[in-house]
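# Coordinates in review
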Amino acid sequence: MTTTTPSRGRRRAPSRIERAAGKAAALQKPRVILALLLLLGLTSVMLLDGYLRAEVGGDERVRDGASSSKVPDKILNGGPIISFRGGQAITTSVPTKTIALTFDDGPNPTYTPDVLKILKKYNAPATFFLVGSMVSRYPGIVKDMVGQGNEVGIHTFTHVDLSYQSDARIRREMTQTQLALAGAAGITTTLFRAPYSSETDAIDNYSWPVYEKLGEEGYTSVFVDTDSDDWKKPGVSKIVKWATPSGTSGAAVLMHDAGGDREQTVKALPAYIKKMRAKGYTFTTISGVIEAQNTAARAGQQANAPAGTAGGQLQGRNQNGNQNGNRNATDRLQAAHREATGTTLYEGRALVVAVAVAEYTVPTLSVGLVIVGVAVMGRFGMMLILARRHYRLRNKRRFSWGPTVTRPVTVIVPAYNEKECIANTLESLSKSTHPIEIIVVDDGSSDGTSEISREAARTLGMTNVRVIRQENAGKPAALNNGVRNASHDIVIMMDGDTVFEPDAVHQLVQPFADPEVGAVAGNAKVGNRNTVIGAWQHIEYVMGFNLDRRMYDLLRCMPTIPGAIGAFRREAVLQVGGMSEDTLAEDTDITIAMHRAGRRVVYQEHARAWTEAPGSLKQLWSQRYRWSYGTMQALWKHRKSLTDKGPSGRFGRVGMPLVVLFQIVTPVFAPLIDVFTAYSMIFIDFRAALYAWLAVLGVQLVCAAYAFRLDKEQYRYLLMMPLQQLAYRQMMYLVLIHSCITALTGGRLRWQKLKRTGEVGTPAGVG
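Calculation notes
Counting from 1, residues in each chain are numbered in the order their sequence is written. Thresholds applied to this predicted model are a pLDDT of at least 70 for local features of residues and 80 or more for the giving and counting of side-chain atom pairs; totals over whole chains, interfaces and linings are not thresholded and use all residues. Calculated side-chain values reflect all of the structure's heavy atoms, with hydrogen atoms and water omitted. Note on geometry: axes are C-alpha line fits, over the in-contact stretch for helices, and angles between N-to-C directions span 0 to 180 degrees. Labels follow the DSSP assignment, with helices taken as runs of H or I lasting at least four residues and strands as runs of E lasting at least two, numbered in each case from the N terminus. Angle categories: roughly parallel below 35 degrees, roughly antiparallel above 145, roughly perpendicular from 65 to 115, and oblique for all the rest. Should the near helix be turned anticlockwise from the far one by less than a right angle, the crossing is left-handed, and should it be turned clockwise, the crossing is right-handed. The contact criterion used is simple: two residues touch if any of their non-hydrogen atoms lie within 4.5 Å. Amino acids outside the nonpolar list (Ala, Val, Leu, Ile, Met, Phe, Trp, Tyr, Cys, Pro) and the charged list (Asp, Glu, Lys, Arg) are all regarded as polar, and Gly is one of them. What makes a patch is a set of residues exposed beyond 30% relative accessible area and free of salt bridges, joined within 9 Å when like-charged and within 5 Å when nonpolar (Val, Leu, Ile, Met, Phe, Trp, Tyr). Throughout, the Shrake-Rupley method with a 1.4 Å probe supplies accessible areas, and for residues the shown protein chains are the sole cover considered. Whenever a carboxyl oxygen of Asp or Glu lies within 4 Å of a side-chain nitrogen of Lys or Arg, that contact is scored as a salt bridge. Positive charges are assigned to Lys and Arg, negative charges to Asp and Glu, while His and the chain termini are left out of the count. Where a charge lies is defined by one atom per residue type: Lys uses NZ, Arg uses CZ, Asp uses CG and Glu uses CD. Confidence scores here are pLDDT values: one per residue, from the predictor, ranging 0 to 100. Here the term buried applies to any residue with accessible area under 20% of the maximum for its type, exposed to any over 50%, and partly exposed to those in between, with areas from a 1.4 Å probe on protein chains only.

Running from amino to carboxyl end, helix H19 (residues 532-555) crosses helix H23 (residues 650-669) at an angle of 160 degrees, the nearest separation of the two axes being 11 Å. The angle between the axes of H19 and H23 places the two elements in the roughly antiparallel class. Here H19 and H23 pass one another in a crossing that is right-handed. For the pair H19 and H23, the contacting residues are Met-551, Tyr-552 and Leu-555 in the first and Arg-650, Val-654, Leu-658, Val-659, Phe-662 and Gln-663 in the second. Across the contact of H19 with H23, the residue classes break down as seven nonpolar, one polar and one charged.

Shown next, in the form of C-alpha cells:
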C-alpha cells in the first residue's frame with residue numbers, strides 16, 4: 001500500500017472553475033424562484049382561461065317562478081328601459097313605429113361580424129349586450145362594433161344569474177366587463193341587461209334589489225318587449241314573425257348573435273329589417289329611444305342624465321365623455337358610452353393582453369399535453385417490449401459474451417469526505433470474487449478519509465489497496481488520476497459510498513470478452529430504501545434507470561454509465577481524453593464520448609452495487625439538479641454527434657433524440673398532465689379526471705411491477721408509488737425546470753458533496 005502526498009505550500013488562489021462555481025451558487029436561489037414562478041404563471045393562465053370559459057367560478061343556476069310582490073307595479077307594467085333618477089325608478093317605453101334592436105351574448109367570431117355587415121348594409125343601428133369574457137377574447141369585433149355606430153351594454157362577465165350572487169361578485173362582474181370594454185374599444189357604458197332576463201313583468205323579489213343597486217351606481221337596466229326566440233332555431237320565417245310587434249307599437253326586440261348556432265338569426269335579420277321598414281318603422285339604439293321620449297328642448301340634458309350620474313364607484317373616473325349639447329347623430333345613439341381614461345384604460349388593455357396570452361397559451365399547452373401523453377405512453381410501450389426482449393436475450397442458458405474474463409482489473413474509488421462510507425466500501429471490495437487492484441483517490445478530504453481507508457485496508461488484510469491524495473480538484477480529476485495510476489487494462493469506477501456485491505466485479509467485466517465493448521453499465525441499487533424518500537428513489541432506480549438501460553442497450557445508444565458502478569477499457573478512456581470537467585455529468589459525458597469513438601456500451605444487469613441515496617429533499621434536489629443540468633451540458637457538448645457518420649454517429653441518430661425527448665422535453669412538459677388533471681378535478685369533472693389519473697397510474701404500476709420482476713425486487717415498495725406520483729415526481733419536474741433555467745442563464749457547479757450516514761453496509765440482507 002503506497003501513499004502519495006502533495007507538497008504543502010501557501011494557500012492557492014481559487015481556480016477558474018471554483019470562481020465560476022461560486023458565481024453559479026449565488027444564482028441558484030433566484031433560479032429556483034424563477035422555476036416556481038413559471039409554474040405559478042402556467043397555473044394563472046389556466047385559471048384565467050377557465051374563468052373566461054366559465055369553468056372556474058361558473059354558476060349555471062337560473063331562478064324561475066319567484067314572487068314579485070316587492071317589485072313596484074309601475075315597474076312590472078312599465079316600459080323595457082329602467083333608469084334611476086334622484087333615487088326613483090323610471091321606466092321608458094319605445095316610441096311608436098320604432099325598433100330598438102338588441103343582441104345578447106356576443107361577441108362571437110363567427111356570427112357577430114355577419115350581423116355587423118348586415119346592419120351596416122341597411123344602415124340600421126343596434127345595441128349589443130356583451131359578455132365581458134367574450135369581449136376580452138374578441139376585442140377587435142367590439143372595436144368595429146362601436147366604430148360602426150352601434151351601442152354596447154353589459155351582459156355580465158361570465159353570464160351568471162346575478163340574483164344568486166353576492167354583492168362582491170356582482171361588482172366584479174360589472175367591473176371586469178367595463179375593463180374589457182375599455183381595453184377593446186376605449187369606452188365604458190351605463191347600459192346593462194341581466195342574463196336570463198326578459199320582459200319587466202318577470203322581475204322578481206330577488207332580482208329587483210340587484211337592479212336597484214346597479215341603478216344607484218348609474219346603470220340603466222334594459223329589458224325586452226318582443227323576443228324573437230331565435231335561440232330555439234325555429235326557422236327564419238318564425239324568427240321574423242316573433243320579432244314583429246303588434247300593430248304600430250314600438251319595441252325593444254331581442255335577438256342573439258352568440259351563445260350557439262345563429263345561422264338562422266343571420267338569415268332572418270335582413271328580411272326583418274326590410275319588413276319593418278316597409279311598415280314604416282325606424283331603427284335606433286337604447287340611447288336613441290331615451291332621447292326620442294324627451295322633449296327637443298331638454299333632449300341633451302335628459303338623455304345624458306342617467307349617464308351623467310353613472311359610474312358611482314365604477315364610472316366616477318370615466319366622466320370625460322362628450323357632454324357637448326350639440327351632439328351629432330352618432331353621439332346621440334351612443335349616449336351611454338363614456339371614454340375610458342387613466343387607470344381604467346390601462347387596466348383594460350392589460351386584461352385584453354392577458355386574455356390573448358391565455359387564449360394562445362392554453363390551446364398550445366393542450367397540444368403539448370397530447371404530445372407528452374403520446375410520448376409517455378410510447379416510452380412505456382418501448383420499455384416494456386425492449387426490456388422483455390433484453391431480459392430474454394441476456395438470460396438464455398447459451399448466452400455468452402465470449403471467453404470468461406479472469407484477468408485482474410483496477411477499481412478506482414474517488415472519495416471526498418467519505419469517512420462514514422469508505423470503510424464499508426472497502427469491506428465489500430475485500431469480498432470480491434474477481435482479482436482486483438483498488439485505488440482510493442482522496443480528493444482533498446478534510447475528514448480523515450485517507451487515514452480511515454488505510455486503517456480499513458490494514459484491518460481487512462488488503463494488500464491490494466493504494467491511497468492517493470490530491471488537492472481538491474473535483475471528481476473528474478480524481479478519476480483521471482486513478483486511470484493514470486491503474487495497473488490493468490480494465491478500470492472500474494465507483495463512488496466512495498457504494499457497496500459492491502461479491503460477484504459484482506466479475507459480472508461487470510464479462511462483456512469485455514467482446515472486443516467491440518468499450519464500457520459497461522452496472523445495476524445500481526438503492527441501499528437505504530426503508531425511508532419514504534429512499535423508497536421513492538428505489539422505484540425510480542428500478543423502473544426509470546434500469547428499465548431504460550435495457551431499452552437503450554438493445555438500441556445500442558446507452559446514454560449514461562452510472563457513477564456508482566461502471567467499467568471501461570483503460571485505453572478507451574485515454575483515447576477520448578479521460579473524464580472531462582466540461583460538464584456536471586462526467587459519466588454521461590464520457591459515455592457519449594465512447595459512442596462517438598465507435599465503442600459499444602452495454603448494460604450488465606447481474607453486476608449489482610448498493611448506493612446510499614440522498615436522505616433529505618434538499619440533498620435530493622441538489623443531486624438531481626446536478627444530474628439534470630449535467631445531462632443537458634453533455635448533450636449540448638456532443639451535439640455534433642447528430643452529423644457523425646457510421647457507428648460513431650449512432651448515438652446522435654438514435655440515442656440523442658430519445659434522451660432529449662424522454663429525459664428533457666417530456667419531463668419538462670409532464671407537469672402539464674398534473675396541472676390539467678388537478679384543474680379538471682376542481683373545475684370540470686372530478687370523476688372523469690380521477691379515472692384518467694388512475695388509468696395513467698395503472699400503466700405506470702404495470703411497468704414498475706414488470707421492472708421489479710425482472711430485477712427480482714420485492715413488490716411491497718410499489719405501495720409507495722401513488723404517493724410518489726403526488727409528491728416526488730412534482731419535485732423532479734421542478735428540478736428539471738430549474739436545470740433548464742440554469743442552462744439558459746449559464747453557470748457551473750463543482751463536485752457537490754452529499755451528507756452521508758454510512759447506513760449502507762454489505763449488500764447481504766438488503767431487501
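Now for the packing of helix H14 (residues 342-394) against H23. Orientation of H14 relative to H23, taken along the N-to-C sense of each, is 140 degrees, at an axis distance of 10 Å. Here H14 lies oblique to H23, going by the angle between them. Where H14 crosses over H23, the two elements pack in a sense that is left-handed. Seen from H14, the contacting residues are Val-372, Ala-375, Val-376, Arg-379 and Met-382; seen from H23, they are Leu-661, Phe-662, Thr-666 and Phe-669.

Residues Lys-97, Lys-238, Lys-241, Lys-275 and Lys-279 make up a contiguous surface patch of positive charge. In this structure, Lys-97 sits in the loop between strand E3 (88-92) and strand E4 (98-106).

Okay, the confidence of the model for the protein next. Averaged over all residues, the pLDDT of the protein equals 83, while 83% of them reach at least 70. Throughout residues 299-327 the model reports pLDDT below 50, and contacts reaching past four residues in sequence, or to other chains, amount to 62 contacts.

As a further point, take helix H17 (residues 475-485). H17 sits mainly inside the fold: nine of its eleven residues count as buried. When H17 is considered as a whole, its buried residues turn out to be Lys-475, Pro-476, Ala-477, Ala-478, Leu-479, Asn-480, Asn-481, Gly-482 and Val-483.

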